[in-house]
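Residue-level listing of the chains:
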Amino acid sequence: MSICVTIVDMARFLLVIVPVTARLWPAVAIGDALAARGHEVAWCGPESDLRPLVGPDATIYPTGKRSYHEFHEVGVAAVRELWDEYVMPLNRFIHDPVDRAVAECQPDVVLADQYALAGALAAYKHGVRWASLCSGVLELTPPSEDPGLQDWVRSKLAQAWETAGLPADDSLDLRFSPYLTIATTSQALTGTVPMPEHCVLVGAALGSRRTDPSFSWEWWDPGRRHVLITAGTLSAHLVRGFVARTMTALELMADQVQAVLNAAADTVPDPPAHVLVAPRVPMLDLMPRLDAVICLAGQSTVNEALVHGVPLVVAPIRLGELAVAEQVTRAGAGISVSFSEATPAQLAAAVTAVLDEPGYRGSARRVGEEFAAAGGAGAAAAHLVALAAGGQR
């Protein structure tokens, strides 16, 4: 999709975020790309989350913090739980501070996380152009098992208009800006499914990570292959059984493979010598050195792996993970296993396949090449600058 070449010397952007790690990193990468081009970037969200990521000099309009609670539902019920238990309460909580931020900042463009409906509503109210940031594919490729689900979601969007004290505009879907929707994926994964109007697929939006920890490279044996196991940021209360089965699977190849487990230290209290347990890792430093990734098919981890051509074993639980896992397997870049039922033998077979069969790495590299061509955070920034200048895609 082409970008209008209208030039704007300096524009002001306000980024309204959702305080979930996997959704924060793409926003930070895009904000950094805008700032690197000389534009003014301000942030709206909980300062405790944002300040370490965006640096001491960034302008932040604080909203306070409403945390994401542990989830319980799976399948279509998980979508309803997400909206009822997090998206709607979050937006009621941040509505007033976001509205004040847009009024005070007076941005040329608001970039709002897809679930930060308050950002879209405040921009609409104040007559500011806005863009939606989709850091996952759940809303782009929703589950089809429940034909009434989208009508139900639209009823939630109508409630958001009421919260804002605005008459609902039936021509607008607050999840997808009528000006610009930025999705951090590519057609190599999504296939040819219809996308919202004015939607651009930019691949993985990656950038500098100011809070990344150091890593115990002295443990790293260059003579062995390396696997990363990560359970994501929202599933720690569910993963112990899956991790235990994965550890058993990797014991079978301990003389050939080292594993980095990105999880709390007590997940595996006494790890064997070939396993390093770390609650936080420098993900983008690790990825180019990895031979495979085992994860729950979260969009963030999948993007980080594929942009480096690393094949995956994915074990989805809920929400967008199910769609992403299907996309990874359809692209040939990995193998999907059952999170709850995969045996150690099945897990070992899947890991062995992605390590030994070159087709998986070849497909992962092809997806990574398409991600690179899509442009990532730089392409997202260019589209936002075009929007600020009044350009049409």
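For the structure, see preceding data.
The structure reproduced in this document is the subject of the present report.

Rules of the game
Residues numbered from 1 in each chain as written. Predicted model: local features only at pLDDT ≥ 70, side-chain atom pairs only at ≥ 80, totals over all residues. Heavy atoms only, no water. Core = buried A, V, L, I, M, F, W, Y, C linked by side-chain atoms within 4.5 Å. Buried < 20%, exposed > 50% of the residue type's maximum accessible area, 1.4 Å probe, protein only. Helix = DSSP H or I, 4+ residues; strand = E, 2+ residues; numbered from the N terminus. Contact = heavy atoms within 4.5 Å. Phe/Tyr/Trp six-rings, centres within 6.5 Å; stacked < 30°, edge-to-face > 60°. Pairing = 2+ DSSP bridges. Axes fitted to C-alpha atoms, helices over the stretch in contact; angles between N-to-C directions. Parallel < 35°, antiparallel > 145°, perpendicular 65-115°, else oblique. Nonpolar A, V, L, I, M, F, W, Y, C, P; charged D, E, K, R; others polar. Expected span 1.5 Å × (residues − 1). Left-handed = near helix turned anticlockwise from the far one by under 90°.

Section: the nonpolar core
Most often, soluble globular proteins keep nonpolar side chains buried together rather than apart.
Link 1 in the chain: Judged by nonpolar contacts, the single largest core of 45 residues is most densely connected at Leu14, Val16, Trp83, Val110, Leu117 and Leu174.
Link 2 in the chain: For this core, the secondary structure elements donating two or more residues are strand 1 (12-16), strand 2 (40-45), helix 3 (76-105), strand 4 (109-113), helix 4 (117-125) and helix 5 (149-163).
Link 3 in the chain: Looking at this core, the element that brings in the most residues is helix 3, giving 14 residues.
Link 4 in the chain: Filtering out sequence-adjacent residues up to four positions away, Leu174 remains in contact with Gln114, Leu117, Ala120, Leu121, Trp130, Ser132, Leu157, Ala160 and Trp161.

Re the packing of aromatic side chains
Link 1 in the chain: One pass over the full model with this rule turns up seven aromatic pairs.
Link 2 in the chain: Aromatic pair Trp83 and Tyr115: ring centres 5.8 Å apart, planes at 85°, arrangement edge-to-face. Residue Trp83 is found in helix 3, and its partner Tyr115 is found in the loop between strand 4 and helix 4; the two are separated by 32 residues along the sequence. Judged on exposure class, the residue Trp83 and its partner Tyr115 are both buried.
Link 3 in the chain: Measuring from centroid to centroid gives 6.0 Å for Phe215 and Trp220, while their planes differ by 75°, and the two rings are edge-to-face.

Here's the deal with the sheet that holds strand 11 (residues 292-295)
Link 1 in the chain: Strand order in the open sheet formed by six strands is 10-9-8-11-12-13, with parallel pairing between adjacent strands. Among the strands making up the open sheet, the edge pair consists of strand 10 (275-278) and strand 13 (334-336). Direction aside, the axes of adjacent strands within the sheet are offset by 15° on average.
Link 2 in the chain: As paired strands, strand 9 (residues 257-262) and strand 10 are joined by four bridges and run parallel to one another. Counterpart to Leu261 in the pairing with strand 10 is Val277.
Link 3 in the chain: In this fold helix 7 (residues 240-251) packs onto strand 8 (225-230), strand 9, strand 10 and strand 11, with an angle of close to 170° to the strand it touches most, strand 8.
Link 4 in the chain: Helix 10 (residues 320-330) contacts strand 12 (312-314) and strand 13 of the sheet and is inclined by roughly 135° relative to strand 13.

Focus on the packing of helix 3 against helix 5
Link 1 in the chain: Two numbers describe how helix 3 lies on helix 5: the axes approach to 11 Å, and their chain directions differ by 10°. In this view, helix 3 runs roughly parallel relative to helix 5, as classed from their interaxial angle. Contacts between helix 3 and helix 5 involve Val76, Val79, Arg80, Trp83, Asp84, Met88, Arg92 and His95 from the first element and Leu149, Trp152, Val153, Lys156, Leu157, Gln159, Ala160 and Thr163 from the second.
Link 2 in the chain: Its residues placed into classes, the contact of helix 3 with helix 5 shows nine nonpolar, three polar and four charged.

Describing the pairing of strand 9
Link 1 in the chain: The element strand 9 is largely enclosed, with a buried count of six among its six residues.
Link 2 in the chain: Relative to strand 9, strand 8 is paired through six bridges, and the arrangement is parallel. Residue pairing for strand 9: Leu228 is matched across the bridge by Val260.

Observations regarding helix 13 (residues 376-388)
Link 1 in the chain: Over its 13 residues, helix 13 extends 19 Å from the first C-alpha to the last, a length consistent with the 18 Å expected when each residue adds 1.5 Å.
Link 2 in the chain: Burial runs high along helix 13: ten of the 13 residues are buried.
Link 3 in the chain: Along helix 13, the positions that sit buried rather than exposed are Gly376, Ala377, Ala379, Ala380, Ala381, His383, Leu384, Val385, Ala386 and Leu387.
Link 4 in the chain: At the C-terminal side of helix 13, Gly390 shows a positive phi close to 85°.

Thoughts on the side chain of Thr141
Link 1 in the chain: Structurally, the position occupied by Thr141 is in the loop between strand 5 (129-134) and helix 5.
Link 2 in the chain: Excluding residues that lie within four positions of it along the chain, Thr141 makes contacts with Val193, Ala323 and Gln327.

Looking at the environment of Tyr86
Link 1 in the chain: In this structure, Tyr86 sits in helix 3.
Link 2 in the chain: Note: C-alpha distance between Tyr86 and Phe71 (15 residues apart in sequence) is 9.8 Å.

Looking at the packing of helix 1 (residues 21-36) against helix 13
Relative placement of two packed helices is described by the angle separating their axes and the distance separating the axes.
Link 1 in the chain: Where helix 1 meets helix 13, the closest approach of the two axes is 8 Å, and the angle between their N-to-C directions is 60°. For the element pair helix 1 and helix 13, the recorded crossing hand is right-handed. Here helix 1 contributes Ala29, Ile30, Ala33 and Leu34 to the contact with helix 13, which in turn contributes Ala377, Gly378, Ala380, Ala381, Leu384 and Val385.
Link 2 in the chain: Residue composition of the contact of helix 1 with helix 13, grouped by class: nine nonpolar, one polar and no charged.

As for the sheet that holds strand 3 (residues 59-62)
Strand pairing in a sheet takes place through backbone hydrogen bonds and is either antiparallel or parallel in direction.
Link 1 in the chain: Strand order in the open sheet formed by seven strands is 3-2-1-4-5-6-7, and the pairing between neighbours is parallel. Pairing within the sheet leaves two strands with one partner each, and these edge strands are strand 3 and strand 7 (199-201). For this sheet, the mean angle separating the axes of adjacent strands, direction not counted, is 20°.
Link 2 in the chain: Relative to strand 2, strand 1 runs parallel, the two being bridged by five bridges. Each residue of the ladder has a partner; that of Leu14, found in strand 2, is Ala42.
Link 3 in the chain: Contacting strand 1, strand 4 and strand 5, helix 4 runs over the sheet at an angle of about 155° to strand 4.
Link 4 in the chain: Set on the sheet, helix 13 makes contact with strand 1, strand 4, strand 5, strand 6 (180-183) and strand 7; between it and strand 6 the angle comes to about 175°.

These figures capture arrangement, not role.
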